[in-house]
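# Chains, contacts and geometry: an overview
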Amino acid sequence: MAHENLTIVEHPLVQHKLTLMRKKSTATGEFRQLLREISMLLGYEITRNLSVSNRPIETPLMEMDAPMLAGKKLVLVSILRAGNGLLEGLLELIPSARVGFVGLYRDEEKLRPVEYYLKMPRGLDDRLVIAVDPMLATGYSAAAAVDRVKRAGATNIRFLCLVAAPEGVDVMAKHHPDVPVVTAALDERLNEIGYIMPGLGDAGDRMYGTK
Ligand code: URA
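To start, this report covers the structure provided alongside it.

Each value, and the rule that gives it
Residues numbered from 1 in each chain as written. Predicted model: local features only at pLDDT ≥ 70, side-chain atom pairs only at ≥ 80, totals over all residues. Heavy atoms only, no water. Core = buried A, V, L, I, M, F, W, Y, C linked by side-chain atoms within 4.5 Å. Buried < 20%, exposed > 50% of the residue type's maximum accessible area, 1.4 Å probe, protein only. Helix = DSSP H or I, 4+ residues; strand = E, 2+ residues; numbered from the N terminus. Contact = heavy atoms within 4.5 Å. Axes fitted to C-alpha atoms, helices over the stretch in contact; angles between N-to-C directions. Parallel < 35°, antiparallel > 145°, perpendicular 65-115°, else oblique. Left-handed = near helix turned anticlockwise from the far one by under 90°. Nonpolar A, V, L, I, M, F, W, Y, C, P; charged D, E, K, R; others polar. Near = heavy atom within 4 Å. Polar contact = N/O pair within 3.5 Å; in protein donor to acceptor, adjacent residues only side chain to side chain. Areas by Shrake-Rupley, 256 points an atom, 1.4 Å probe, with all protein chains shown as cover. Patch = residues over 30% accessible without salt bridge, like charges linked within 9 Å, V, L, I, M, F, W, Y side chains within 5 Å. Salt bridge = Lys/Arg side-chain N within 4 Å of Asp/Glu carboxyl O.

### Some details on the nonpolar core
- In terms of nonpolar packing, the biggest core is built from 35 residues, with Leu18, Met21, Ile130, Leu160, Leu162 and Leu200 touching the most fellow members.
- Elements with a minimum of two residues in this core: α1 (12–22), α2 (28–46), α3 (83–93), β7 (128–132) and α6 (203–208).
- With six residues, α2 is the single largest residue contributor to this core.
- Setting aside residues no more than four positions away along its own chain, Leu200 makes contact with Leu18, Met21, Arg22, Phe31, Met135, Leu162, Val163 and Arg206.
- Among the nonpolar cores identified, the runner-up in size contains 27 residues, and Ala144, Ala145, Phe159 and Cys161 belong to it.

Now the structure itself:
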């Protein structure tokens, strides 16, 4: 199935770093460093079409009109906990971004995400919001997080991940067809317990050394 909502960032540096992250021999510290680097490269791609307007400045030599980002500061929304890995690098790239957090856990009976934490900046209606989670697996928590972002007033939303499963991309397209998804890779499938194959394992555990 064609994924019209999906952009895959095929830049060689992104692909190389992702391969290093996938390797099971890559230890926690290196994994985190790679995630920080790759999130900056993905951030560069996802912000490619932000608008700029010229402002008068003075260089040491003369005055000029030079481009600066236009409009309100953008908002990054981290889907806890693994989203924080992408968030860190993105904040290095866009230090003035506002930040929101969505915490969801999976109800094992109903297999649906349940909210345990929500904090959003104000004034989302006229800002670009980039929701981040390294792994777009079933897509249920991504879709539920974007529900919350929309309920908080956002109308211009993008979703950024590192690895996506076709199932998750389809769930996002069905629930949020207006939200473009940007990823470094579209993997083969989900396994029977919802992990992306071949994937890179549990992103949170690999980032924080919790396994
Ligand atoms: N979350 C992860 O961290 N990894 C997966 O493969 C799927 C969901």
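Having seen it, we continue.
### Overview of the packing of α2 against α3
- Where α2 meets α3, the closest approach of the two axes is 7 Å, and the angle between their N-to-C directions is 60°. When the interaxial angle is binned, α2 and α3 end up oblique. The crossing of α2 and α3 is right-handed. Of the residues in α3, those in contact with Leu35, Arg36, Ser39, Met40, Gly43 and Tyr44 of α2 are Gly85, Leu86, Glu88, Gly89, Leu90, Glu92 and Leu93.
- Residues that form the contact of α2 with α3 fall into these classes: six nonpolar, four polar and three charged.

### Here we look at the site of the ligand
- Residues in close proximity to the ligand include Met135, Ala137, Gly194, Tyr195, Ile196, Gly201, Asp202 and Ala203, which together make up its full environment.
- At 2.8 Å, a backbone N or O of Ile196 approaches an oxygen atom of the ligand.
- Within the backbone of Ala203, an N or O atom sits 2.7 Å from an oxygen atom of the ligand.
- Look at the ligand: alone it shows 230 Å² of surface, and the protein chains cover 82% of it.
- Across the shell around the ligand, the residue classes tally to five nonpolar, two polar and one charged.

### So, a nonpolar patch on the surface
- Among the surface-exposed residues, Tyr105, Tyr116 and Tyr117 lie close enough to one another that they form a single nonpolar patch of about 340 Å² accessible area.
- By the element assignment, Tyr116 lies in strand β6 (residues 112–119).

On their own, these measurements won't tell you what the molecule is for.
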